[in-house]
Amino acid sequence: MSPGCTGDQPQSASTSEGWQDHANLRAFRFSKIKMSLGKTPVSVVNLGRVAYRSALQIQQHYIRQHFDSSNPTPNTLLLCEHSPVYTVGIRPVQYPAEEEQRLKDLGADFFRTNRGGLITFHGPGQLVCYPILNLGCFKKSVRWYVCEIEKTVINMCSKFGIKASTSPDTGVWVGNNKICAIGIHCGRYVTSHGLALNCNTDLSWFENIVPCGIVGKGVTSLSRELGRDVTTEEAAPVLLKAFSEQFNCCLVKADNSCEQTQQTLN
Amino acid sequence: MFSSFCPPVADVLLFLPSCCRCSPLSALLLLMLSSFCPPVAAPASLFCLCPPAASHPSLIFHCPAAALKYTDKHEWVRVEDGVGTVGISKFAQEALGDVVYCGLPDVGTKLSQSDEFGALESVKAASELYSPLTGEVTEVNNALSDNPGLVNKSCYKDGWLIKMTISVPEELDALMDEAAYERYIRSIED
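All values reported here derive from a predicted model rather than from experimental measurement.

## Some thoughts on the overall build of chain B
Inference 1: From N to C terminus, chain B includes seven helices and nine strands.
Inference 2: Expressed as a percentage of its 190 residues, the buried residues of chain B come to 52%.
Inference 3: Considering only contacts in chain B between residues 6 or more positions apart, those separated by 24 or more positions represent 60%.
Inference 4: Total accessible area on chain B is roughly 9,000 Å²; 59% of this is exposed by carbon and sulfur atoms.

Written out as structure tokens, the structure reads:
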């Protein structure tokens, strides 16, 4: 069982990646954190600008860590930005090859993924967050998890003075405009994919699609709502703080202690 | 009116142990009716609240011939005439939320136990499905294409996902029966 995690270890496959000494040190450190804070530790990895294809491979790496019993702290939160790309979920019928080519001809990439949700756009100025979590450490319910993600983003928007809300359509909205899209995959209680928050995204990319398949509604961004430029760099720590509050977890940046990371976020 | 709906006492006694296990209310109803006379089958839903055998009228006053077995990933399987019907449990459908899409395999797909065989989408989340047994897919519930909400509304009956052959019947022995699954659910919720 992972220190700091009260959930079950996912069924694991053994790997030999030379983790042993590092794992022992991290296990000791994180067990101390758990005892002192009573919170599940979640590592934060900032990938910066990364190709969508690479981000998929990186997510698979962190998913595999959850099934590696030698890794004591597999819960990870990935932050990144992508070059222009359209992605669709597990319902591919609505997006045939012709539609895929039309979007590629506009200069974007196109990926079919295993997440929920319909079509969306990722690009520069959009903060993308991929929590790779074992829900056994939190609550074993996908419905609960998605709700917590929505509350995290609403909380984060409120810190910017923006009144955001949920609607019958999953995601986070400011009025009739979506500010953050959500699309998740869950296998053996391990989550992947996540959320995409428009900071200073070029929203015209969304005009080429019906975002999330919802006709009659628009998109917005932090910059549009606040009337000033809000970068992903400005938004990221605010999102992380909201995440740690909503999930009652302890975020740890690589090689930082939990206390140091919390001080950075405050 | 009740005289046309009563089982022989012997059948009631045979039925009581399993019915008490799955529904004390069913047991109470049968005890009351057993004071009347002879047998005719009655609508299952009136007497037995236990899924899924309750859907078969001839099984009302007998122990369910096809009891459910469960996996730790909340799939259930019911074996009848050598064919396994697979679905997800009430606990699972509640944890998912409203199902809006069912991604299911093609007929003829060969599955090993615990293989991923599809996914259910709800609240923008795609959740994997895992095969409870080793076998081959013989039928897919096409009603779910137009009505994926059947998985929520009728998870043990109309919301079944696939039917499959049973290549390794011994695998059933390791799956949880209803009582064990209920204990498992309680352990998760605690």
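## What to know about the overall build of chain A
Inference 1: Scanning chain A for helices and strands turns up seven helices and 11 strands.
Inference 2: Here chain A, with 266 residues, has 55% of them falling under the buried criterion.
Inference 3: In chain A, of all internal contacts separated by at least 6 residues, the share reaching a separation of at least 24 is 76%.

## Observations concerning the sheet that holds strand E5 (residues 120-122) of chain A
All names here are of chain A.
Inference 1: With mixed pairing, the three strands of this open sheet are ordered in space as E4-E3-E5. The sheet is open, and its two borders are formed by strand E4 (109-112) and E5, each paired with just one other strand. Taken over all neighbouring pairs, the strand axes of this sheet differ in orientation by 25 degrees on average, direction set aside.
Inference 2: Looking at chain direction, strand E3 (residues 85-88) and E4 are connected through four bridges and run parallel. Residue pairing in the sheet places Val88 in a bridge with Arg112 of E4.
Inference 3: Together, E3, E4 and E5 form the strand contacts of helix H2 (residues 52-66), whose direction differs from that of E4 by roughly 30 degrees.
Inference 4: Contacting E3 and E4, helix H3 (residues 97-105) runs over the sheet at an angle of about 145 degrees to E4.

## Some thoughts on the packing of aromatic side chains
Two descriptors summarise a pair of aromatic rings, namely the distance from one centre to the other and the angle between the planes of the rings.
Inference 1: Applying the stated criterion across every chain, the model contains 12 aromatic pairs over all chains.
Inference 2: Between Tyr86 of chain A and Phe121 of chain A, the aromatic rings sit 5.3 Å apart at their centres with planes inclined by 55 degrees, giving tilted as the arrangement. Here Tyr86 of chain A, found in strand E3, pairs with Phe121 of chain A, found in strand E5; they are 35 residues apart in sequence, far enough to count as distant. Accessibility assignment for this pair places Tyr86 of chain A and Phe121 of chain A in one class, buried.
Inference 3: The side chain of Lys217 of chain A reaches across the aromatic face of Trp173 of chain A, ending 4.7 Å from its centre.
Inference 4: Taking NZ or CZ as reference, Lys73 of chain B lies 5.7 Å from the ring centre of Tyr130 of chain B, over its face.

## Overview of the sheet that holds strand E2 (residues 75-80) of chain B
The pairing of strands in a sheet comes from backbone hydrogen bonds and takes either a parallel or an antiparallel form.
Inference 1: Within the open sheet, the six strands sit side by side as E1-E2-E3-E9-E8-E5 (chain B). Their pairing is antiparallel. At either end of the open sheet lies a strand with only one pairing partner, and these are strand E1 (68-70) and strand E5 (110-111) of chain B.

## A closer look at unusual backbone geometry
Inference 1: Despite not being glycine, Asn248 of chain A has its phi angle at roughly 50 degrees, a positive value.
Inference 2: Within the secondary structure, Asn248 of chain A sits in the loop between helix H6 (232-246) and strand E11 (249-253).
Inference 3: For Ser114 of chain B, which is not glycine, the phi dihedral falls at a positive 75 degrees.
Inference 4: Position of Ser114 of chain B relative to the elements: it lies in the loop between E5 and strand E6 (116-122).
Inference 5: For Ser114 of chain B, a relative accessible area of 30% corresponds to the partly exposed category.

## Structural notes on the interface of chain A and chain B
Inference 1: In this assembly, 24 residues from chain A lie in contact with 22 residues from chain B.
Inference 2: Of the roughly 1,800 Å² buried where chain A meets chain B, counting both sides, 51% is carbon and sulfur surface.
Inference 3: As a salt-bridge pair, Arg91 of chain A and Glu121 of chain B come within 2.8 Å of each other at their nearest N and O atoms.
Inference 4: Our count for the chain A to chain B interface comes out at 15 residue pairs in polar contact (both at pLDDT 80 or more).
Inference 5: Those elements that place two or more of their residues in the side of chain A that touches chain B are helix H4 (142-159) and strand E8 (177-187) of chain A.

## Describing the pairing of strand E7 (residues 125-130) of chain B
Inference 1: In terms of burial, E7 of chain B is largely enclosed, as six of its six residues are buried.
Inference 2: Burial along E7 of chain B is two-sided: Ala125, Ser127 and Leu129 of chain B and Ala126, Glu128 and Tyr130 of chain B, pointing in opposite directions, are all buried.
Inference 3: Here E8 of chain A runs beside E7 of chain B; their pairing, made up of three bridges, is parallel. Bridging from a neighbouring strand, His185 of chain A pairs with Ala126 of chain B of E7 of chain B.
Inference 4: The pairing of E6 of chain B with E7 of chain B spans six bridges and is classified as antiparallel. Looking across to E7 of chain B, one finds that Leu120 of chain B is bridged to Ser127 of chain B.
Inference 5: Remark: two residues form the turn of the hairpin made by E6 of chain B and E7 of chain B, two consecutive strands paired antiparallel; Val123 of chain B in that turn has positive phi of roughly 40 degrees.

## Examining the pattern of salt bridges
Inference 1: Counted under the stated rule, the structure contains 13 salt bridges over all chains.
Inference 2: Two residues, Arg112 of chain A and Glu100 of chain A, come together in a salt bridge whose shortest N-O distance is 3.0 Å. Here Arg112 of chain A is found in strand E4, whereas its partner Glu100 of chain A is found in helix H3, with 12 residues between them in sequence.
Inference 3: Residue classification places Arg112 of chain A among the partly exposed residues on the basis of a relative accessible area of 36%.
Inference 4: Accessibility expressed as a relative area gives 18% for Glu100 of chain A, which makes it buried.
Inference 5: Lys110 of chain B serves as the salt-bridge partner of Glu136 of chain B, at 3.1 Å between the closest nitrogen and oxygen. Placement of Glu136 of chain B in strand E8 (residues 135-140) and of Lys110 of chain B in strand E5 is noted, with a sequence separation of 26 residues between them.
Inference 6: Judged by its relative accessible area of 29%, Glu136 of chain B is partly exposed.

## Let's talk about the environment of Glu116 of chain B
Inference 1: As for its placement among the helices and strands, Glu116 of chain B is situated in strand E6.
Inference 2: Assessed through its relative accessible area of 46%, Glu116 of chain B is described here as partly exposed.
Inference 3: For the pair formed by Glu116 of chain B and Ser131 of chain B, sequence separation is 15 residues and the distance between their alpha carbons is 6.3 Å.
Inference 4: Here Glu116 of chain B is in contact with Arg188 of chain A together with Leu111, Glu128, Leu129 and Tyr130 of chain B, once residues within four sequence places are set aside.

Reading guide: rules and limits
- Residues numbered from 1 in each chain as written.
- Chains lettered and ligands numbered in written order.
- Predicted model: local features only at pLDDT ≥ 70, side-chain atom pairs only at ≥ 80, totals over all residues.
- Heavy atoms only, no water.
- Helix = DSSP H or I, 4+ residues; strand = E, 2+ residues; numbered from the N terminus.
- Buried < 20%, exposed > 50% of the residue type's maximum accessible area, 1.4 Å probe, protein only.
- Contact = heavy atoms within 4.5 Å.
- Areas by Shrake-Rupley, 256 points an atom, 1.4 Å probe, with all protein chains shown as cover.
- Pairing = 2+ DSSP bridges.
- Axes fitted to C-alpha atoms, helices over the stretch in contact; angles between N-to-C directions.
- Phe/Tyr/Trp six-rings, centres within 6.5 Å; stacked < 30°, edge-to-face > 60°.
- Lys NZ or Arg CZ within 6 Å of the ring centre and 35° of its normal.
- Buried area = accessible area lost by both parts, 1.4 Å probe.
- Salt bridge = Lys/Arg side-chain N within 4 Å of Asp/Glu carboxyl O.
- Polar contact = N/O pair within 3.5 Å; in protein donor to acceptor, adjacent residues only side chain to side chain.

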